[in-house]
Amino acid sequence: MGKTTYKRLKGSQNIRQRLLLATLSSSPVLIEDIRANDTLPGLRQHEVSLLRLFEKVSDDCIVEINETGTKLKYKPGIVMGGRHLVHDCGVSRSIGYFLEPLILLGLFAKKPLTIRLKGITNDSKDPSVDTFRSTTLPLLKRFGVPSEGLDLKIESRGSPPHGGGEVVLTIPVVQNLNAVTWTDVGMVKRIRGVTFSTRVSSQFENTMIHAARGIFNNFIPDVHIFTDHKAGTQAGNSPGYGISLVAETNAGCFISADTAIAYAREEETGDIEDEKKELMPPEDVGEQIASILLGEIEQGGVVDSTHQGLLFLLCALCPQDVSKVRSAKLSPYGIEMLRNIRDFLGVKFVIKPDPFTGTVILKCLGCGLKNLNRKVS
């Protein structure tokens, strides 16, 4: 065994992307100066939890963190997958933060993955689990992921600050992805959505739906928003309510927007007083999220801004064939993802603005990642 050479990186930005790409490209990384000058230096709870999750689904992966948490050595192992796995995501970030890297690791694992994740299902920071079901899973199917064994089941909801939600994620293994040419956005033909409420009146959901429909009915008749009121043990430990909307176009694009309203976590408020902040009324929530969705549709990409990074990564992991996609104005997360893809996978995108629509066309030659771990039947 030779000496392991580590790819040296600095800073705490986009640790999740870097760890995911390091695992997929099997390149060991050494990340230094992680929030070294902060009052609370080092890795955050959710980042440590993500590392634990990577350890759970892979074999022979080595994680070393120094005492202050400002330096991290990560040597990826073989992604094994497996059934009946359980992971507690904690309450500092929602389950959506963990799902995006987990889905990609699951596709290139040795065995299909079934894992139960516990924590916060809906919050305003990360994509909600409903959006994953309605938008992210159809996005994977575009790239040739089979629909058998691709599922996300929401067993109970959890709102911040105390969580208590549970979801079960099932991901099949693929040998490789398919390259796509996906530039036609099409026109929106229907809008679907789901509202949720935990430990508050179920009337909140009807108010949100009524407000959102009030905006959509000016444009499109086919709007169905379902309710999902949880009670008892399925409602988690904190009160909260929210809505997730998805617009489907006749070209098969899914554009989503979601939000959730709940009391803030302790570390976010920074207030010593116990007074609880006023929550946004459900009527305003419905109107706001409907407007956000219309804004996402207007941007004109084949995916919404939260899915840009995932779209680029899927293109980069394709076989050595050209993928061509249309994206809205690049989000900061999407730009960082393009940089990390260049550093880890050596894939460069050709980016051409389309002045007529205000969108951007991205082309790349995939890195040809094959799943060598997979058991060949």
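Sequence positions are assigned chain by chain, starting from 1 and proceeding in written order. This being a predicted model, a pLDDT of at least 70 is required before a residue's local features are given, and a value of 80 or more before pairs of side-chain atoms are given or counted; all residues contribute to the totals for chains, interfaces and linings. Only hydrogens and water are set aside; all other atoms, that is, all heavy atoms of the structure, feed into the side-chain values.

Engineer: I would appreciate a short explanation of the sheet that holds strand S16 (residues 322–327) in the present structure.
Structural biologist: Either a parallel or an antiparallel arrangement is found when strands of a sheet pair, and the pairing is made through backbone hydrogen bonds. Here four strands make up an open sheet; going across it, the order is S11-S16-S18-S17 and the pairing mixed. The two strands at the open ends of the sheet, each matched to only one other strand, are strand S11 (181–182) and strand S17 (349–354). In the sheet, S17 pairs with strand S18 (residues 359–365) via six bridges, with the strands oriented antiparallel. Among the inter-strand pairings, Pro 353 is bridged to a residue of S18, identified as Val 360. Those strands touched by helix H8 (residues 308–316) are S11, S16, S17 and S18, and its axis lies near 170 degrees from that of S16. Following DSSP output, two strands are said to pair if at least two bridges run between them. Strands here mean DSSP runs of E at least two residues long; helices mean DSSP runs of H or I at least four residues long; both are numbered from the N terminus. In what follows, a contact means two residues having at least one pair of non-hydrogen atoms within 4.5 Å. The axes used here are C-alpha line fits, helices contributing only the stretch in contact, and every angle between their N-to-C directions lies in the interval 0 to 180 degrees.

Engineer: Is there a simple way to think about the pairing of strand S7 (residues 82–88) in this case?
Structural biologist: A regular strand carries its side chains on alternate faces of the sheet. Note: S7 against strand S8 (residues 113–119), five bridges, orientation parallel. Counterpart to His 87 in the pairing with S8 is Leu 117. Throughout, right-handed denotes a crossover for which the path from the first strand over the helix to the second runs clockwise when the strands point away from the viewer. Between the parallel elements S7 and S8, the chain passes through helix H3 (residues 95–107) in a crossover that is right-handed.

Engineer: What am I meant to see in the packing of aromatic side chains here?
Structural biologist: Aromatic ring pairs are defined here through the distance separating the ring centres and the angle between the ring planes. Aromatic pairs are defined between Phe, Tyr and Trp rings, using the six-membered ring for Trp, whenever the two ring centres lie within 6.5 Å; interplanar angles under 30 degrees are classed as stacked, those over 60 as edge-to-face, and all others as tilted. Counted by the stated rule, this structure contains four aromatic pairs. Between the aromatic rings of Tyr 97 and Phe 98, the centroid separation amounts to 5.2 Å while the plane-to-plane angle is 80 degrees, which identifies the pairing as edge-to-face. Ring centres 4.9 Å apart and planes at 80 degrees place the aromatic pair Phe 204 and Tyr 241 in the edge-to-face group. In this pair, Phe 204 sits in helix H5 (residues 203–216) while Tyr 241 sits in strand S14 (residues 240–249), placing the two residues 37 residues apart along the sequence. A 1.4 Å probe rolled over the protein chains alone gives each residue an accessible area, and that area as a share of the maximum for its type sets the label: buried under 20%, exposed over 50%, partly exposed in between. On the basis of relative accessible area, Phe 204 is assigned to the partly exposed category, the value being 26%.

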